Amino acid sequence: MVDQKIITQITELLLARITSEDQEIGRLLVQDKYDFMDSRISYWAIKEKLRDLKETTVTDLENYSHLEIKLTFAPRAFFEDVLIGKNVPFWQVATVMRLLQSSDIVYDPRGKIDEWKAQADNVSWSSEIIELKKDTTRMLLDRVKNRIQEDMIADALIWLIKAAEEAICVPLMTQNAFILGTAPFLLDSIRNADVTLYDFFHSLLRISQFNPDLLLKARQELELLADRLYQQHLRTDREMWILSAFVSINESERRLNQSLSSKTVDDAMSPSSRLFETAIGELWQAYFLVAQSPRTEVKLDPWVVASFWKWFGGDEINEEWLTEKMGFIRSLVNA
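Residues numbered from 1 in each chain as written. Predicted model: local features only at pLDDT ≥ 70, side-chain atom pairs only at ≥ 80, totals over all residues. Heavy atoms only, no water.

Chemist: Which residues make up the packing of aromatic side chains, and what values go with them?
Modeler: Applying the stated rule across the entire model yields 15 aromatic pairs. Between Phe79 and Trp116, the ring centres sit 5.4 Å apart and the planes meet at 10 degrees, which makes this aromatic pair stacked. Linking Phe79 in helix 2 (residues 76-83) with Trp116 in helix 4 (residues 112-120), this pair joins segments that are 37 residues apart in sequence. Here Trp284 and Phe308 contribute two aromatic rings whose centre-to-centre distance is 5.9 Å and whose plane-to-plane angle is 55 degrees, an arrangement assigned as tilted. A residue pair is termed long-range when its members are at least 10 positions apart, and Trp284 in helix 11 (residues 271-291) and Phe308 in helix 12 (residues 302-312) qualify at 24 residues. By the burial criterion, Trp284 is buried, and Phe308 matches it. Chaining the aromatic ring pairs together yields one cluster made of Trp159, Phe210, Trp284, Tyr287, Phe288, Phe308 and Phe312. Cation over ring: Arg98 sits above Phe185, and NZ or CZ is 3.6 Å from the ring centre. Its end group placed over the ring of Phe288, Lys162 keeps NZ or CZ at 4.6 Å from the ring centre. (Phe/Tyr/Trp six-rings, centres within 6.5 Å; stacked < 30°, edge-to-face > 60°. Helix = DSSP H or I, 4+ residues; strand = E, 2+ residues; numbered from the N terminus. Buried < 20%, exposed > 50% of the residue type's maximum accessible area, 1.4 Å probe, protein only. Lys NZ or Arg CZ within 6 Å of the ring centre and 35° of its normal.)

Now the structure itself:
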């Protein structure tokens, strides 16, 4: 837990480093509702002439070396393209809106970030992006069907969960929800908003069959597997997939530790339970990323699929079970 005074001190130290050459438009302090449970502090800095997103860890603040200080640099267009309604990727819209709605402005010399926050109130999901979500869901369901026909049940389950992620976004997007994206964000979005969707996704992620020890073992197994595969696939299309997976692996560990240290009662809606679910969602995300094997005939790595099935599979998962779930997912995009 980081004291607010310390966060203020660190913020002032980092802001003092900004020079005119940086051409920084503004900076946000990202306020996760569970950040008070550990020692992470996260900022987003928006720059005038930057090409890509870049995340770094601040390590040269001597008096605060015990804290994890994350700083993500973003180009101005990353935010403005969303606000003016450009046809940009789904994750970009969700990320920008999440940041503008839930972060604190700590640097805004020209009032630009404050202006963006006001503009965000009038942003809505474009029909093009919603239709793309529907098309992606249908494509993934076709992949599930093909894997079933090939008797590749574990592969089919992976594509089924991914199809569910895409489909669940559709009814939420029509309600103009923006806290969307990976499994953890979806769980948070539907936990209170739609019990039916929550129960469905909860069951797909097999959350009820996990406990902290099993989750720890599953994460450790995947981490070892991911490290070995990363060494084998350096400078290939697969390298970035695996690197991205390590972000989710680390986040799963962080959320599990927060869950275990949280003082709570045995309540499904308690912070501890929510954090535990988030840890499982991050583990699923990591498995999906590590399993990807682009430019090969086998779309998912068999070794990763086998590990995934060990933790997320079950005796009841068969063609009939998968077909039933596919029907529900299809109903979300055809409504």
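Having put the structure on the table, let's press on.
Chemist: How would you explain the packing of helix 6 (residues 153-174) against helix 11 if you had to name every residue and give the values?
Modeler: Close contact between helix 6 and helix 11 brings their axes to 11 Å; oriented N to C, the two are set at 120 degrees. Relative to helix 11, the element helix 6 is oriented oblique. Note on packing geometry: the crossing formed by helix 6 with helix 11 is left-handed. Two secondary-structure elements touch here, helix 6 through Ile158, Trp159, Ile161, Lys162 and Glu165 and helix 11 through Trp284, Gln285 and Phe288. Among the residues making up the contact of helix 6 with helix 11, the classes are represented as 5 nonpolar, 1 polar and 2 charged. (Axes fitted to C-alpha atoms, helices over the stretch in contact; angles between N-to-C directions. Parallel < 35°, antiparallel > 145°, perpendicular 65-115°, else oblique. Left-handed = near helix turned anticlockwise from the far one by under 90°. Contact = heavy atoms within 4.5 Å. Nonpolar A, V, L, I, M, F, W, Y, C, P; charged D, E, K, R; others polar.)

Chemist: Describe unusual backbone geometry, with residues and values.
Modeler: If you check the backbone angles, Arg206 has positive phi at about 60 degrees while not being a glycine. Note that Arg206 resides in the loop between helix 8 (195-204) and helix 9 (212-232). In this structure Arg206 comes out as buried when scored by relative accessible area, which is 10%. Positive phi, normally seen in glycine, also occurs at Arg235, with a value near 60 degrees. In this structure Arg235 comes out as exposed when scored by relative accessible area, which is 74%.

Chemist: Explain helix 3 (residues 90-102) to me, and be specific about the residues and the numbers.
Modeler: For helix 3, with 13 residues, the first-to-last C-alpha span of 18 Å sits near the 18 Å given by 1.5 Å per residue. Within helix 3, 10 of the 13 residues are buried, which leaves the element mostly enclosed by the surrounding structure. Where helix 3 is concerned, the buried positions are Phe90, Gln92, Val93, Ala94, Thr95, Val96, Met97, Arg98, Leu99 and Leu100. (Expected span 1.5 Å × (residues − 1).)

Chemist: Tell me about the sheet that holds strand 1 (residues 24-30), and please be specific about residues and values.
Modeler: With mixed pairing, the 5 strands of this open sheet are ordered in space as 3-4-2-1-5. One side of each edge strand has no neighbouring strand; the edge strands of this open sheet are strand 3 (54-58) and strand 5 (103-107). Strand-to-strand, the axes of this sheet are offset by a mean angle of 25 degrees, without reference to chain direction. Looking at chain direction, strand 1 and strand 2 (residues 40-47) are connected through 6 bridges and run antiparallel. Residue Leu28 lies in a different strand from strand 2, and its bridge partner there is Trp44. Contacting strand 1, strand 2, strand 3, strand 4 (68-75) and strand 5, helix 1 (residues 4-15) crosses the sheet at an angle of about 30 degrees to strand 2. (Pairing = 2+ DSSP bridges.)

Chemist: Which residues make up the side chain of Arg238, and what are the values?
Modeler: Relative to the helices and strands, Arg238 resides in the loop between helix 9 and helix 10 (239-261). Take Arg238: its relative accessible area is 5%, and that puts it in the buried class. One polar contact links the side chain of Arg238 to the main-chain carbonyl oxygen of Val290, over a distance of 2.8 Å. In contact with Arg238, not counting residues within four places along its chain, are Leu229, His233, Val290, Ala291, Gln292, Ser293, Pro294, Asp301 and Val304. (Polar contact = N/O pair within 3.5 Å; in protein donor to acceptor, adjacent residues only side chain to side chain.)

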